[in-house]
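Structural features, examined
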Amino acid sequence: MEPKKEAEKLIHEVEIEKGITLDDEFRERLKNEIAEKIKTEIERRKKEVEEKVEEEYFVRFSLNIRLQHLTLAIGVLLLIITGLPIKFHESKWAELFFEVIGGIQVSRILHRVGAGMLIFVSIWHTIYIAFTKEGRKEFRELLPRKKDFLDFWQNIKYMLGKTNERPKYGRYSYIEKFDYWAVYWGMVIMVLSGLILWFHNFFLGIFPKFVFDIAKEAHSDEAMLATLAIVIWHWYNAHFNPHVFPFNPTIFTGKISKERMIKEHPLEYEKIMREKLMKEEKSDEK
Ligand code: HEM
């Protein structure tokens, strides 16, 4: 109900209860004052709820990281969808695919668009980790450490039921680090071999034909490996595993719930809380 109507109703109820009738001018003033108080109270409660919701979430990924991931995801999906029918062009499903999109030529063009996106995002990411403070920090967090190998071993023991204690991860688990570094390897192979296939006339003028043959084989086989790694390893760990199934929105919204933070990144959670506490203590001292 609107604050003014609510105030009107309240005054009316008091009038009936006490058997009095207020004069119009006083009534109007009282109504405005009560309406104003109701409005302030609503605002206060709204703020309280908003603050509570904010407290329940942590910002995990910046907009820059999210946009990089989105570009990479769209680019790679486009490359898989247009590349696999070229590899299996003799099969029935590939013929059907070409019929739907308007021919193999369209697939070839779209594949080059996807390749452009992949090359673009790799340059973007290199600049990000080399020239921004946030990028350098993220890169350091993603470097493999001795703890990752210990965590891997602990996880194997946990999976085999030899211990009840799961490994405690920081900002990135060894699984996420593996995901990250696998992209470097895949990127180098796919971009190099892809460029040789794309500009074959130029490369055949410089290198013997077997270089082209190796590039074609490497591109074709690594494409299968990359597709399976994304669908089985990456999608399972990021989206389909029982903790987050059916979809994990963090890489799109940038936010992670407090509950998931404590469960999946307990050391990162402890670090953030410690830093927050220290900040508060410092500002109290001032
Ligand atoms: C995850 C990334 C990629 C995947 C999954 C992928 C997949 C594929 C597959 C399966 C083929 C068919 C190979 C065959 O005939 O056996 C292909 C062909 C090709 N790819 Fe890729 N590719 C990727 C990235 C790239 C990149 C980065 C480039 C360029 C820089 C590129 C350029 C090409 C070219 C030029 C062809 C030949 C297509 C044609 O016949 O016109 N690819 N790709």
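Residues numbered from 1 in each chain as written. Predicted model: local features only at pLDDT ≥ 70, side-chain atom pairs only at ≥ 80, totals over all residues. Heavy atoms only, no water.

1. Side note on the overall build of the protein chain
Of the regular secondary structure elements, the protein chain holds 13 helices and two strands. The 286 residues of the protein chain split such that 29% are buried. Of the contacts formed within the protein chain by residues at least 6 apart in sequence, a portion of 64% connects residues at least 24 apart. Of the roughly 20500 Å² that the protein chain leaves accessible, carbon and sulfur atoms contribute 65%. Of note, the protein chain has its 45 positive side-chain charges centred 6 Å away from the centre of its 44 negative side-chain charges. (Helix = DSSP H or I, 4+ residues; strand = E, 2+ residues; numbered from the N terminus. Buried < 20%, exposed > 50% of the residue type's maximum accessible area, 1.4 Å probe, protein only. Contact = heavy atoms within 4.5 Å. Areas by Shrake-Rupley, 256 points an atom, 1.4 Å probe, with all protein chains shown as cover. Lys, Arg positive; Asp, Glu negative; His and termini not counted. Charge placed at Lys NZ, Arg CZ, Asp CG, Glu CD.)

2. Overview of the layout of surface pockets
In this approach, a probe sized like a water molecule rolls over the atoms, and the result shows the empty space that is left. Quantified by volume, the second largest pocket comes out at close to 460 Å³. Around the second largest pocket, the lining is made up of 18 residues, and of these Val59, Lys137, Glu268, Ile272 and Glu275 lie nearest the centre. Broken down by class, the residue content of the lining of the second largest pocket amounts to six nonpolar, one polar and eleven charged. (1 Å grid on protein atoms, 1.4 Å probe; cavity = no way out; pocket = protein on both sides within 12 Å on 5 of 7 lines; lining within 4 Å. Points joined across faces, edges and corners; volume = space filled by probe spheres on them. Nonpolar A, V, L, I, M, F, W, Y, C, P; charged D, E, K, R; others polar.)

3. Quick notes on the packing of aromatic side chains
Per the counting criterion, the structure on display carries 16 aromatic pairs. Judged by centre distance (5.5 Å) and plane angle (80°), the ring pair of Phe152 and Tyr174 falls under edge-to-face. Taken together, the residues span a long stretch of sequence, with Phe152 in helix 7 (residues 146–159) and Tyr174 in helix 8 (residues 174–198) at a distance of 22 residues. Ring centres 5.2 Å apart and planes at 65° place the aromatic pair Phe178 and Trp233 in the edge-to-face group. In this pair, Phe178 sits in helix 8 while Trp233 sits in helix 10 (residues 209–240), placing the two residues 55 residues apart along the sequence. For Phe178, a relative accessible area of 52% translates into the label exposed. Ring-pair connections join several aromatic residues into one group, and the members of that group are Phe139, Tyr180, Trp181 and Tyr184. (Phe/Tyr/Trp six-rings, centres within 6.5 Å; stacked < 30°, edge-to-face > 60°.)

4. Details of the site of the ligand
Of all residues adjacent to the ligand, which total 22 residues, the nearest are Arg108, His111, Lys216, His219 and Ser220. A distance of 2.7 Å separates an oxygen atom of the ligand from a polar atom in the side chain of Arg108. His111 places a side-chain nitrogen or oxygen 2.8 Å from a nitrogen atom of the ligand. Those elements that provide at least two residues to the shell around the ligand are helix 3 (63–87), helix 5 (104–131), helix 8 and helix 10. (Near = heavy atom within 4 Å. Polar contact = N/O pair within 3.5 Å; in protein donor to acceptor, adjacent residues only side chain to side chain.)

5. A few points about the UniProt feature "transmembrane region" (unreviewed entry) in the protein chain
UniProt's entry tags residues 70–89, 109–131 and 178–199 with the feature "transmembrane region" (unreviewed entry), counted in the numbering of this structure. Secondary structure content for residues 109–131 is 100% helix and 0% strand, and the end C-alpha separation is 33 Å. (UniProt positions renumbered as here; feature names shortened; annotations may be inferred.)

6. A few points about helix 10
An ideal rise of 1.5 Å per residue puts 46 Å on 32 residues; helix 10 measures up with 43 Å between its terminal C-alpha atoms. Along its length, helix 10 shows its largest kink, about 40°, at His234. In the core, the buried residues of helix 10 are packed alongside helix 3, helix 5, helix 8, helix 9 (200–206) and helix 11 (250–253). (Expected span 1.5 Å × (residues − 1). Bend = angle between axes of the 7 residues up to and from the residue.)

7. Comments concerning the coordination of the iron atom of the ligand
Surrounding the iron atom of the ligand are the protein donor atoms His111 (NE2) and His219 (NE2), which sit 2.0 Å from the metal. Coordination at the iron atom of the ligand is octahedral: its six donor atoms span angles of 87 to 178° at the metal. With His111 in helix 5 and His219 in helix 10, this pair connects stretches of sequence that are 108 residues apart. With relative accessibility at 17%, the residue His111 sits in the buried group. (Donors = N, O, S within 2.8 Å, 3.2 Å for Na, K, Ca; no water. Tetrahedral: all angles 85-135°; square planar, octahedral: opposite > 155°, others 65-115°.)

8. Things to note about unusual backbone geometry
A cis geometry characterises the amide bond from Phe245 onward to Pro246, with omega recorded as 10°. For Pro246, the position within the fold is in the loop between helix 10 and helix 11.

9. Some remarks on the domain arrangement of the protein chain
What the domain assignment lists for the protein chain is domain 1 (3–56) and domain 2 (59–279). Centre-to-centre, using C-alpha coordinates, domain 1 lies 55 Å away from domain 2. (Domains from an automatic or database assignment.)

10. A short note on the environment of Tyr174
Accessibility expressed as a relative area gives 15% for Tyr174, which makes it buried. For the pair Tyr174 and Thr132, spaced 42 residues apart in sequence, the C-alpha to C-alpha distance is 24 Å. Apart from residues no more than four positions distant in its own chain, Tyr174 is found in contact with Asp148, Asp151, Phe152, Asn155 and Tyr169.

11. A look at the pattern of salt bridges
Here the structure, examined in full by the defined rule, presents 17 salt bridges. Two residues, Arg27 and Glu15, come together in a salt bridge whose shortest N-O distance is 2.8 Å. Highlighted residues: Arg27 in helix 2 (residues 24–56) and Glu15 in helix 1 (residues 3–18), separated in sequence by twelve residues. Among the residues examined, Arg27 registers a relative accessible area of 18% and is labelled buried. Using a relative accessible area of 9% as the deciding quantity, one classes Glu15 as buried. (Salt bridge = Lys/Arg side-chain N within 4 Å of Asp/Glu carboxyl O.)

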